[in-house]
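This is what each chain is made of:
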Amino acid sequence: MSLLTQRIFSVLLCLAAKTERLVLCRAQHEDSSLLNRIISLAAAGEYGEGVLPNCSTIFFHDSGTIGLTDTTTDYALVRNLKCLHLRRSIGYISFPPQDLTWASRLRELRLISCVDAKDMFRICKGAVRLRNLSLIMTKPSDIFRPLPPEGEDLNCALLQRANTLKILELRTCQNTWFIGQLGPTRRLDCCPRLTKLKMLIIDIPLLFNLDIEEPSVSFLDRLPPNLVSLSLAELWWRPRSPSSLEARRIKALLEMFALHADSILPSLDELQYIHSRIRTCLSSRQIYEIWERFSPIIPKFTCDKDFLPREYFTPLLTPRRIRCRTI
């Protein structure tokens with residue numbers, strides 16, 4: 001894109017003074033810094049009173065396939081920004097620490113991409129008004145990520161916002177590298193301290209390791225105490241299909257909510273089971289048997305197919321394929 005075209009787009013941004021919602025898309029082979037340059041030109045003040053002064057919501061879809069995307073400078077200049085949705089199907093989103101003033105204005109942040117815990121720690125620390133956080137980890141450009149520094153894992157990041165978060169969504173899409181971003185426990189164990197949280201959408205293994213743990217009533221103590229809505233997504237780290245033992249444990253876990261949720265999670269109105277679009281373990285009959293345990297009591301039990309596109313999920317590699325890749 002020529003410099004003249006960039007200037008034309010920057011003028012349009014300044015003239016769109018009444019725009020409240022902006023949807024942007026970067027093509028796969030477009031320069032990743034292009035949007036940054038256009039907004040920076042507009043912010044120079046040559047063409048108006050500022051960049052999108054009434055814009056509170058930005059959706060940005062990045063179709064790039066490799067490398068990192070620096071988003072900080074792009075959005076720091078949109079001074080009324082309250083809701084930011086970023087989607088990158090393959091690769092990582094990076095948030096360098098130079099300028100995170102934009103985070104202090106956010107009420108809602110939705111990231112569909114791979115992002116490291118240390119970046120989320122910095123964002124959560126600065127996002128003092130954040131109520132709604134959604135992290136959906138799509139395909140990385142590699143399968144190895146450095147562990148977060150001590151005290152800056154995802155559990156520590158979320159605890160920064162324990163007094164503001166109302167909605168949390170955390171989906172890993174079978175990215176096993178993400179487990180290390182949770183810190184030493186390799187589990188989301190900060191949930192009991194998220195006392196303001198009302199809605200939680202999460203992969204089951206991030207809370208309960210059903211590969212080695214039998215469900216017990218103590219499992220419910222791992223959840224935020226004031227939940228109104230809970231969605232548990234089935235997910236398996238192993239490349240093989242779930243066994244009958246794992247199916248039994250999933251069933252026991254869900255039935256446990258019917259027996260004990262009213263006493264341990266008194267505010268819970270709805271429990272949703274999201275069955276895997278890759279490898280599901282419960283039959284239709286088993287789902288019906290679980291539903292019978294709940295009806296007609298609260299919480300209401302529902303079962304739905306995973307709403308995330310299959311393309312988000314990282315294929316599970318067999319040991320043979322892993323060996324072939326490393327030769």
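For the structure itself, look to the data block above.
Which residues make up the overall build of the protein, and what values do they have?
The number of helices and strands found in the protein is 8 helices and 11 strands. The buried share of the protein, taken over its 327 residues, is 49%. If you take every contact in the protein between residues at least 6 apart in sequence, the share linking residues at least 24 apart comes to 80%. Accessible area for the protein stands at about 15600 Å²; split by element, carbon and sulfur atoms hold 54% of it.

So what's going on with the nonpolar core? Which residues, and what values?
Grouped together as the largest cluster of nonpolar side chains are 78 residues, with contacts concentrated most on Met120, Leu133, Leu154, Leu188, Leu200 and Phe257. With 8 residues, the top contributor of residues to this core is helix α6 (residues 244–264). Among all residues touching leucine 200, those that are not within four sequence positions of it are Leu168, Cys191, Leu207, Leu223, Pro224, Leu227, Ser229, Leu230 and Ser231. Of all hydrophobic cores here, the second largest spans 6 residues; its members include Ile112, Ile136, Cys173 and Leu308.

How would you sum up the pattern of salt bridges? Please name residues and give values.
On inspection of all chains with the given rule, the structure shows 10 salt bridges. We note a salt bridge from arginine 122 to aspartate 119, for which the minimum N-O separation is 2.3 Å. Here the residue arginine 122 and the residue aspartate 119 both occupy positions in helix α4 (residues 117–126), the gap between them amounting to 3 residues, near one helical turn. Since its relative accessible area comes to 6%, aspartate 119 is described here as buried. In this structure, glutamate 214 and arginine 249 form a salt bridge, with 3.3 Å as the shortest nitrogen-oxygen distance. Taken together, the residues glutamate 214 in the loop between β8 (199–203) and β9 (229–233) and arginine 249 in helix α6 connect sequence positions 35 residues apart.

Before we move on, can you summarise unusual backbone geometry with the specific residues and values?
Here the phi dihedral of glutamine 174 falls at roughly 65°; this positive angle occurs in a residue that is not glycine. With respect to the helices and strands, the residue glutamine 174 is situated in the loop between β7 (167–171) and β8.

Hey, could you go over the packing of aromatic side chains for me, with residue numbers and the actual values?
Under the criterion given, the structure shown has 5 aromatic pairs. Both rings, one in phenylalanine 294 and one in phenylalanine 301, keep their centres 4.9 Å apart while their planes meet at 15°; by these two values the pair is stacked. Its relative accessible area of 1% is what places phenylalanine 294 among the buried residues. Residue classification places phenylalanine 301 among the buried residues on the basis of a relative accessible area of 5%. Each member of the aromatic cluster is reached from another via a ring pair, and the members are Tyr92, Trp177 and Phe178.

Account for the side chain of glutamine 272, with residues named and values stated.
Residue position: glutamine 272 is located in strand β10 (residues 270–275). For glutamine 272, the side chain forms a polar contact with the side chain of aspartate 304, separated by 2.9 Å.

Could you give me a rundown of α4, with the residues and numbers involved?
Within the sequence span of α4, burial applies to Ala117, Asp119, Met120, Phe121, Ile123 and Cys124. In the core, the buried residues of α4 are packed alongside β4 (83–94), β5 (108–114), β6 (132–136) and α5 (154–159).

An account of the environment of glutamate 152 is requested, with residue identities and associated values reported.
Relative to the helices and strands, glutamate 152 is located in the loop between β6 and α5. Among the residues examined, glutamate 152 registers a relative accessible area of 25% and is labelled partly exposed.

Thresholds, definitions, all that
Just so you know, the residues in each chain are numbered from 1, in the order the chain's sequence is written. In keeping with the predicted nature of the model, local features appear solely for residues at pLDDT of at least 70, side-chain atom pairs appear and are counted solely at 80 or more, and the whole-chain, interface and lining totals rest on all residues. Where side-chain values are given, they derive from all heavy atoms of the structure, hydrogens and water being excluded. In this text, helices come from DSSP runs of H or I with a minimum length of four residues, and strands from runs of E with a minimum of two, each type numbered from the N-terminal end. Residue burial is assigned from relative accessible area. The probe radius is 1.4 Å, only protein chains are included, and a residue is buried under 20% of its type maximum, exposed over 50%, and partly exposed in between. Any two residues having at least one pair of non-hydrogen atoms within 4.5 Å are treated as being in contact. Accessibility throughout is a Shrake-Rupley quantity obtained with a 1.4 Å probe, and a residue counts as covered only by protein chains that appear here. As used in this record, nonpolar core signifies buried Ala, Val, Leu, Ile, Met, Phe, Trp, Tyr and Cys residues forming a set joined through side-chain atoms within 4.5 Å. A carboxyl oxygen of Asp or Glu within 4 Å of a side-chain nitrogen of Lys or Arg is what we treat as a salt bridge. What counts as a ring pair is set by centres within 6.5 Å for rings of Phe, Tyr and Trp (its six-membered ring), and what kind of pair is set by the plane angle: stacked under 30 degrees, edge-to-face over 60, tilted for all other angles. Identification of polar contacts relies on pairs of N or O atoms within 3.5 Å, with a donor-acceptor requirement for protein atoms, meaning one able to donate a hydrogen and the other able to accept it, and with residues adjacent in sequence counted only if both atoms are side-chain atoms.

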